[in-house]
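Now for the letters of each chain:
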Amino acid sequence: MRRLPVLTALLGMVAATSLAGLPGAAAAPAASAGKTQVVDVRTPTRADRERLQQLDLDLTEHGDADSLEVVLYGDADARRLRDAGFTWDVRIADLAEREAANRRADALYAAATAVSPLPSGRDSYRRLPDYDRELAELAAAYPALARGITLNHRSWEGRLVRGIEITKNVNARDGKPIFLMMGAHHAREWPSSEHTIEFAYDLLRNYGSDARTTRLVDATRTIIVPVVNPDGFNVSREARPGPAVQDFSALDFEMKRKNCRDAVNRCDQQTRLSGVDPNRNYGGLWGGPGASPNLLSDTYRGPGPFSEPEVENIRELVASRQVVSLITNHTYSNLILRPPGVLDYGFPLEEPQLAALGAQMASRNGYANIPGFGLYDTTGTTEDWSFWSAGGVGYTFEIGPSEFHPAYETGVVAEYLGLAPAAGAGKGGNRAAFYDMLEATAGTALHSVLTGSAPSGSTLSLYKTFETYTSPVCQDVFCSVVNPPLHFTDVLTSEMVTSGKTFSWHVNPSTRPATAGRFGRDPVAPAQATIPMFNDPTVVPEENVYYPSPAPRLTVPYETFDFTVNGPPAADNGRFTVHIEWADPANDWDLYVLDDTGAIVAQSAAFGDTTEDASLVDPPAGTYTAVIVNYDQVTRQLDDWSGEVRFASPTPTTIGPKEAWTFECRTGGTVVSRDVVVDRGQTLDLGNACKPAK
Ligand SMILES: [Zn+2]
């Protein structure tokens, strides 16, 4: 039976999950024997990546065209990977030793540094109380420019989640465009919080002396929330090596990713594996691929959309303000990610503008500017809701080339300022990228503006309510069984108070990106005709469970079929699909497609059915080779394949229905209400906005 070892491992995990989920159950043992390693797993195709995801290992966000980095917590994880047929290179052979070395480097750097070149002068990673104290100190030091905010919900362990809001005349309820930056959704990603709070220092300390900072702080309102997940961050940050009950436990805590939901004991007495992944718990697209239903997975999505107070905090912040842009900071991978997080969801109409702004920011930090699904599909992330439902443009930054919290000097100082060895060395670094984002926020191309006249002191409000749908909800890690999507009611409501005779209110477009349409392209020629695949009935290859591992593939046989993909003007193919089929689901043929350099560009290696379909989107013209592998003939009676190569046209841009804001003006004793439809990039003059309709 195909991939039985994997299934067995997963079933084992499910059993452990239900046990650990019971109140009072003992915490799961931290890990099996063996060192914690970071390894680079070869995953030449998207199908490989998806298969790797299904193993529910601790995937990092780091990968390239051919591989993904995974943290292996001991020998059991390595065995699971090996049993599933993966091969890998070791990147960090002993993560505990690496972390200890980083902390030694941090101690040396701090000892040798009086004031670092960071805006705050900080020379070592902050602890949780440092963030709360510094936010309060900044608000006190700059009362006209900054004020502290506290989000609506306490964390599971009862902590307040704090932030700071920065603009000229910060207490006015004006209509400036709002930029939100966040850190530490994920506990162990310490540099994400450091970058976030440093930007607050940058804006406040340079106001009045640096012309650009002054102009941007005057024109925009920046909201900084350095630590979205304080419980998890605290556990990770406070982990100390030493004689622990389990030798491994200190690093286990330090490598915690999730929050502290269901901390049966205290969170710091659990393991890394308790809690919910806050960046899989947002309601938009919740429950789909790239998030786990398994309680003990590092990407556990939680029991329902927005089940976590830390996530509901951000939802309510965004829903009650006109947040027109956001950056959510993470580590690591040197990436700038933009919606969509799921390939099949399609690109938003704003794709050209989002890609261009991403490229502008990437020119500062040297990161790759790619769609969120670029590494693998994810669902329930911040922008899956904030962008598609609330409308503000959003990016995820994956800071740094390696390690969740590397040495401070490289992971924070160099990445923030653009110093060697960061990829942004000499280009301005993340600091310059954040300024670019604030510049875009101050501009009007990426959001909408309502203007008009109203008596000074009028309260203007915008209101919208709608249903947001989750993904079809995966019932297992394979997502082989799905339940229908859930839906929930979203309410967006925001206010400003006018001063002077006219107003200008920077808002999100009235139509949600989720319904506005999808970006595509028009075909310039018909798609190519179907190509039947020839399969010589006299030639049947032996069973081959090794392909495409490099060495055995030279010796174990398989069949091939070459085909040519045409381009314009002869044909315009939005995708091709190599399709094969056979009779008995007990048998298994696998399928790979190689380009003319021999690289695998598509593959399909499912089991338990009678078809394989390998697709490539926007295939370049050229010659391709389908490789058909006889993986398993259980019936011992050859069940040969037949197939064809199918082509489809590109999908043109689609435009959906427009939606309206309900606009209201309250002035004196009168209330005036009307529907307002405003597009992204549009400035709409409402005229005398508070005049009652005749
Ligand atoms: Zn993260």
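### Topic: helix 13 (residues 408-417)
Alright, step 1. Counted residue by residue, helix 13 has eight buried out of 10 residues, so it is predominantly covered.
Alright, step 2. Just downstream of helix 13, G418 is the residue with a positive phi angle, here 75 degrees.

### Some details on the sheet that holds strand 22 (residues 559-565)
Alright, step 1. Sheet architecture is open: four strands sit in the order 22-27-24-25, paired in antiparallel fashion. Edge positions in the sheet fall to strand 22 and strand 25 (600-604), since each has one partner strand and no second. Across this sheet, the average inter-strand angle for adjacent strands is 20 degrees, counted without regard to direction.
Alright, step 2. Judged from the seven bridges that link them, strand 24 (residues 588-594) and strand 27 (residues 622-632) form a sheet pairing that is antiparallel. Residue D590 lies in a different strand from strand 27, and its bridge partner there is V629.

### Brief notes about the pairing of strand 13 (residues 393-399)
Alright, step 1. Along strand 13, seven of the seven residues are buried, which leaves the element largely enclosed by surrounding structure.
Alright, step 2. Side-chain alternation along strand 13 places V393, Y395, F397 and I399 on one buried face and G394, T396 and E398 on a second face that is also buried.
Alright, step 3. Bridge analysis of strand 9 (residues 323-331) against strand 13 gives seven bridges, and the strand direction is parallel. The partner of I327 across the bridge, within strand 13, is Y395.

### Quick word on the packing of helix 11 (residues 351-365) against helix 14 (residues 429-442)
Alright, step 1. Orientation of helix 11 relative to helix 14, taken along the N-to-C sense of each, is 155 degrees, at an axis distance of 7 Å. Compared by their axis directions, helix 11 and helix 14 come out roughly antiparallel. Our pair here, helix 11 against helix 14, has a crossing hand that is right-handed. Residues L357, Q360, M361, R364 and N365 of helix 11 form the contact with helix 14, whose participating residues are G429, N430, A432, A433, D436, M437 and A440.
Alright, step 2. Among the residues making up the contact of helix 11 with helix 14, the classes are represented as six nonpolar, four polar and two charged.

### A short note on the coordination of the zinc ion
Six octahedrally arranged donors around a metal ideally form angles of 90 or 180 degrees; four tetrahedrally arranged donors ideally form angles of 109.5 degrees.
Alright, step 1. Every protein donor of the zinc ion is accounted for by H186 (ND1), E189 (OE), E189 (OE) and H330 (ND1), and the metal-donor separations fall at 2.0 to 2.3 Å.
Alright, step 2. Seen from the zinc ion, its four donor atoms lie at angles of 58 to 147 degrees, and the figure they make is irregular.
Alright, step 3. Going along the chain, you hit the donors of the zinc ion in the pattern H-x2-E-x140-H. On the criterion of sequence distance, the pair formed by E189 in the loop between strand 7 (178-182) and helix 6 (190-206) and H330 in strand 9 is long-range, its members being 141 residues apart. Both residues of the pair, E189 and H330, belong to the buried class.

### Remarks on unusual backbone geometry
Alright, step 1. Residue P421 is reached from A420 by a cis peptide bond, and omega for that bond is 10 degrees.
Alright, step 2. You can see P421 is positioned in the loop between helix 13 and helix 14.
Alright, step 3. Following P568, the chain continues to P569 via a peptide bond in cis, the omega torsion being 5 degrees.
Alright, step 4. Here P569 shows up in the loop between strand 22 and strand 23 (575-581).
Alright, step 5. The phi torsion at N169 lies on the positive side, around 55 degrees, for a residue other than glycine.
Alright, step 6. On the secondary structure map, N169 appears in the loop between strand 6 (162-166) and strand 7.
Alright, step 7. With a phi close to 55 degrees, A184 is a non-glycine residue in the positive phi region.

### A short note on the sheet that holds strand 31 (residues 670-676)
Alright, step 1. Strand order in the open sheet formed by four strands is 18-15-30-31, and the pairing between neighbours is antiparallel. A strand with exactly one partner marks an edge of an open sheet, and here the two such strands are strand 18 (487-497) and strand 31. Sheet twist, expressed as the mean angle between neighbouring strand axes with direction ignored, is 20 degrees.
Alright, step 2. Here five bridges tie strand 15 (residues 459-469) to strand 30 (residues 661-667), and the two strands are oriented antiparallel to one another. Pairing of T459 across the sheet is with R666, part of strand 30.

What counts as what
- Residues numbered from 1 in each chain as written.
- Predicted model: local features only at pLDDT ≥ 70, side-chain atom pairs only at ≥ 80, totals over all residues.
- Heavy atoms only, no water.
- Buried < 20%, exposed > 50% of the residue type's maximum accessible area, 1.4 Å probe, protein only.
- Helix = DSSP H or I, 4+ residues; strand = E, 2+ residues; numbered from the N terminus.
- Pairing = 2+ DSSP bridges.
- Axes fitted to C-alpha atoms, helices over the stretch in contact; angles between N-to-C directions.
- Parallel < 35°, antiparallel > 145°, perpendicular 65-115°, else oblique.
- Left-handed = near helix turned anticlockwise from the far one by under 90°.
- Contact = heavy atoms within 4.5 Å.
- Nonpolar A, V, L, I, M, F, W, Y, C, P; charged D, E, K, R; others polar.
- Donors = N, O, S within 2.8 Å, 3.2 Å for Na, K, Ca; no water.
- Tetrahedral: all angles 85-135°; square planar, octahedral: opposite > 155°, others 65-115°.

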